[in-house]
Amino acid sequence: MSFWFLLRKYCNFLWKSTNQHGVHSPFVYNIVTKCFYSKKKYFYDKKIRISKEKFLFLNKLYDYFQFETHFFYGSDENYISFLNSKSKQSKENEKTDIIIIDQITPCIDIEKVYKQMKNDTLLLIIAPYKNNYNFFCKSIDNQCFTVIIDTFNFALFFIRREQLREFFIIRR
């Protein structure tokens, strides 16, 4: 994506985004306050070769949700080794706790991803406004996802049968 496209999207994001005070869902409020804004310190080892921001965010998510299984769409060995140290890799046709889509992943079928999800599974798209923008837009339009959280650098999608559909734009 071009620099101007990303700049326009980021300005639009800043205009529409809110923090925990603009969230009216208890589920999302807890994620924002106890996960996104967590003050817990993590040791960042440069050998991991994942950006510090992504490393911290993934650690916060794992600490908050306590994922047992994951599935990663991508080929980055740094992510794969990091995720395998945190949880067990699930098979492609199995239900899983978290599905992560890297920004450089080629076209993915949303229905294929949806079949891997169960209630409260997290679909995490890394850098949704870059190479995965079309998939990100299709996922937003998909009515199966009831909670969508856009943090500009990450997009979180949940299937929660007990909650009405809501879309949140949150500053981290």
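See the structure printed just above.
A brief report on the enclosed structure follows. Fair warning: this is a prediction, and the values are worked out from it, not measured in the lab.

## Points about the layout of surface pockets
Here's step 1: Of the voids in this model, the largest pocket is the one considered here, and its volume is about 160 Å³.
Here's step 2: Along the walls of the largest pocket sit Lys-9, Asn-12, Phe-13, Lys-16, Tyr-129, Tyr-133, Phe-136, Cys-137, Ile-140, Asp-150, Phe-167 and Ile-169, which together make up its complete lining.
Here's step 3: The residue inventory of the lining of the largest pocket, partitioned by class, reads eight nonpolar, one polar and three charged.

## Concerning a nonpolar patch on the surface
Here's step 1: Together, Phe-3, Trp-4 and Leu-7 make up a nonpolar patch on the protein surface, roughly 380 Å² of accessible area in all.
Here's step 2: Along the chain, the position of Leu-7 falls in helix 1 (residues 3–16).

## Regarding helix 2 (residues 26–36)
Here's step 1: Looking at helix 2, one finds that the buried residues are Phe-27, Val-28, Ile-31, Val-32, Cys-35 and Phe-36. The buried side chains of helix 2 occupy one side of the element, clustering within an arc of 130° when seen end-on. Seen from the buried face of helix 2, the exposed residues on the opposite side, beyond 90 degrees, are Pro-26 and Lys-34.
Here's step 2: Contacts made by the buried residues of helix 2 are with helix 3 (52–65), strand 5 (147–150), strand 6 (154–158) and strand 7 (166–169).

## Remarks on the packing of helix 2 against helix 3
Here's step 1: At their nearest, the axes of helix 2 and helix 3 sit 9 Å apart, and the two run at 120° to each other. As judged from the angle between their axes, helix 2 and helix 3 are oblique. Seen from above, helix 2 lies across helix 3 with right-handed handedness. Counting all contacts with helix 2, which are made through Asn-30, Ile-31, Lys-34, Cys-35 and Phe-36, the residues of helix 3 involved are Phe-57, Lys-60, Leu-61, Tyr-64 and Phe-65.
Here's step 2: Counted by class, the contact of helix 2 with helix 3 contains seven nonpolar, one polar and two charged residues.

Rules and cut-offs
Residues numbered from 1 in each chain as written. Predicted model: local features only at pLDDT ≥ 70, side-chain atom pairs only at ≥ 80, totals over all residues. Heavy atoms only, no water. 1 Å grid on protein atoms, 1.4 Å probe; cavity = no way out; pocket = protein on both sides within 12 Å on 5 of 7 lines; lining within 4 Å. Points joined across faces, edges and corners; volume = space filled by probe spheres on them. Nonpolar A, V, L, I, M, F, W, Y, C, P; charged D, E, K, R; others polar. Patch = residues over 30% accessible without salt bridge, like charges linked within 9 Å, V, L, I, M, F, W, Y side chains within 5 Å. Areas by Shrake-Rupley, 256 points an atom, 1.4 Å probe, with all protein chains shown as cover. Salt bridge = Lys/Arg side-chain N within 4 Å of Asp/Glu carboxyl O. Helix = DSSP H or I, 4+ residues; strand = E, 2+ residues; numbered from the N terminus. Buried < 20%, exposed > 50% of the residue type's maximum accessible area, 1.4 Å probe, protein only. Arc of directions from axis to C-beta. Contact = heavy atoms within 4.5 Å. Axes fitted to C-alpha atoms, helices over the stretch in contact; angles between N-to-C directions. Parallel < 35°, antiparallel > 145°, perpendicular 65-115°, else oblique. Left-handed = near helix turned anticlockwise from the far one by under 90°.

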